[in-house]
Amino acid sequence: MKCVSYNIQFGFGIDARYDLGRVVDAVRGADIIALQEVTRNSPMNGGRDLVADIRAMLPDYFAAYGPNFEADIGSHVKDGTAVDVRLQFGNMILSKTPILLSRNLLLPRTRSYDKVNLQRGALEALIDTPFGPTRFYSLHLDHRGTDERLRQIDFLMERLLAYPLEGGGITGISEMGFPEPPVPETYVVMGDFNMLPGSAEYHAVVGMPDHEFGTPVVATRAVDAGALPVGDTQPTCVNLEDPSDASMHKRLDYCFVHPLLASRVKSVRVDAGAIGSDHKPVWIEFG
């Protein structure tokens, strides 16, 4: 099973040109696709509905979209009918097989005064896989500061671990004559974490390394698939001020897996040749 994560930057590439086709081509063929910075009605890309456009380009995929917020940008009345024009910004998951259950987890945020601070989220999708039902997350953390990301990661890790107790978006539907959705322990978290390897935020996800035994694999932490022997830790984000300066490129995008799935990771690779965004797609294959 192949999965890929891609922050698509509203459809704009490293050449500052809008071209959603090359974004879709870069993820085509994956069994599960996690996308970030997916918008509707954004002035930055001419008000396009990226959700509809992506689904039209990938008609054989099931999909879920989680807008983290909506903002009015020109709603009006036309011929006596109210017309909503609302900006949406969020994450998306596409799957070759049906998405059994999904919900959008809104991450903690703090009001800002000097810089834009967007509501961030983690879109959760329950999907049946060759190794059983699994939770997949498309996630985008704050870009402004460590403190905010640490709060968001604490919230995320709590949700990941509490799922077997809480269930997903709905439970108890046997009362209505429907089968109960599975409640799997395992998860795959993909997305733009806006953090560097070795940072405080990174260790909040994977744990702190021991001076002798390294980073322990425990139930309360996730495993960085890219850091496995079959992984790839090259940079995933390009410095747009000078894309040719590799020293300014950063690893900001990750795939973290439940410890029980670590042994199933066959490969992780960064598609360094993709130019459809300032980020690079991160592919992970399970076997």
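One can find the structure itself at the top, above this paragraph.
Now for a quick tour of the structure. Everything quoted here is computed from the prediction, not taken from an experiment.

## Details of the sheet that holds strand 11 (residues 223-224)
And then number 1: Here six strands make up an open sheet; going across it, the order is 7-8-9-10-12-11 and the pairing mixed. What marks the edges here is a single partner per strand, and that holds for strand 7 (99-106) and strand 11.
And then number 2: The sheet contact formed by strand 9 (residues 134-140) and strand 10 (residues 187-192) spans six bridges and is parallel. Of the residues in strand 10, the one forming a bridge with R135 is Y187.

## A closer look at a nonpolar patch on the surface
And then number 1: Judged by side-chain polarity, I170, M176 and F178 come together as a nonpolar surface patch covering roughly 310 Å² of accessible area.
And then number 2: Mapping I170 onto the fold places it in the loop between helix 3 (146-166) and strand 10.

## Notes on helix 3
And then number 1: The end-to-end C-alpha distance of helix 3 is 28 Å, a good match for the 30 Å that 21 residues give at a rise of 1.5 Å each.
And then number 2: Of all the bends in helix 3, the greatest reaches close to 35° and is centred on L160; the proline P164 follows between one and four positions later.
And then number 3: Looking only at helix 3, the buried set comprises E148, R149, Q152, I153, L156, M157, R159, L160, A162 and Y163.
And then number 4: Among the structural elements, strand 7, strand 8 (121-127), strand 9, strand 10 and helix 4 (200-206) are those in contact with the buried residues of helix 3.

## Describing the nonpolar core
And then number 1: Judged by nonpolar contacts, the single largest core of 25 residues is most densely connected at M190, V257, I284 and F286.
And then number 2: Mapped by element, the contributors of at least two residues to this core are strand 2 (32-40), strand 8, strand 10, strand 12 (253-257), strand 13 (265-270) and strand 14 (282-286).
And then number 3: Leaving out residues up to four positions away in the same chain, V257 has contacts with Y187, V188, A222, V223, A225, A262, V265, I284 and F286.
And then number 4: Formed by 24 residues, the second largest nonpolar core is a distinct cluster that contains L139, Y163, Y202 and A222.

## A few points about the state of the cysteines
And then number 1: The full count for this structure, using the stated rule, is zero disulfides.
And then number 2: As a non-bridged cysteine, C3 has C255 as the owner of its nearest cysteine sulfur, 6.9 Å distant.
And then number 3: Relative accessible area serves as the criterion here: at 0%, C3 is assigned to the buried category.
And then number 4: Here C237 stays unpaired: no disulfide links it, and the sulfur of C255, its closest cysteine neighbor, is 18 Å away.
And then number 5: Using a relative accessible area of 12% as the deciding quantity, one classes C237 as buried.

## Overview of unusual backbone geometry
And then number 1: Positive phi, close to 60°, is recorded for F10, a residue that is not glycine.
And then number 2: Tracing the chain through its elements places F10 in the loop between strand 1 (2-7) and helix 1 (20-27).
And then number 3: In this structure F10 comes out as buried when scored by relative accessible area, which is 12%.

## Focus on the sheet that holds strand 13
And then number 1: Overall, mixed pairing links the six strands, which are arranged 3-6-2-1-14-13 in an open sheet. Edge positions in the sheet fall to strand 3 (62-72) and strand 13, since each has one partner strand and no second. The average angle at which neighbouring strand axes cross in this sheet is 15°, direction not considered.
And then number 2: Judged from the five bridges that link them, strand 13 and strand 14 form a sheet pairing that is antiparallel. Directly across from R269, in strand 14, lies its bridge partner W283.
And then number 3: Set on the sheet, helix 1 makes contact with strand 1, strand 2 and strand 14; between it and strand 1 the angle comes to about 150°.
And then number 4: Sitting on the sheet, helix 2 (residues 50-57) touches strand 2, strand 3 and strand 6 (86-95), and the angle it makes with strand 2 is about 145°.

## Remarks on the pairing of strand 8
And then number 1: Within strand 8, seven of the seven residues are buried, leaving the element largely enclosed by the surrounding structure.
And then number 2: Residues of strand 8 alternate between two faces, with G121, L123, A125 and I127 on one and A122, E124 and L126 on the opposite face, all of them buried.
And then number 3: Note: strand 8 against strand 9, seven bridges, orientation antiparallel. Note on strand 9: the bridge partner recorded for E124 is Y137.
And then number 4: Linkage of strand 8 to strand 9, two consecutive antiparallel strands, is achieved through a turn of six residues, within which G132 is found at a positive phi near 105°.

Scoring rules and cut-offs
- Residues numbered from 1 in each chain as written.
- Predicted model: local features only at pLDDT ≥ 70, side-chain atom pairs only at ≥ 80, totals over all residues.
- Heavy atoms only, no water.
- Pairing = 2+ DSSP bridges.
- Helix = DSSP H or I, 4+ residues; strand = E, 2+ residues; numbered from the N terminus.
- Patch = residues over 30% accessible without salt bridge, like charges linked within 9 Å, V, L, I, M, F, W, Y side chains within 5 Å.
- Areas by Shrake-Rupley, 256 points an atom, 1.4 Å probe, with all protein chains shown as cover.
- Salt bridge = Lys/Arg side-chain N within 4 Å of Asp/Glu carboxyl O.
- Expected span 1.5 Å × (residues − 1).
- Bend = angle between axes of the 7 residues up to and from the residue.
- Buried < 20%, exposed > 50% of the residue type's maximum accessible area, 1.4 Å probe, protein only.
- Contact = heavy atoms within 4.5 Å.
- Core = buried A, V, L, I, M, F, W, Y, C linked by side-chain atoms within 4.5 Å.
- Disulfide = S-S within 2.5 Å.
- Axes fitted to C-alpha atoms, helices over the stretch in contact; angles between N-to-C directions.

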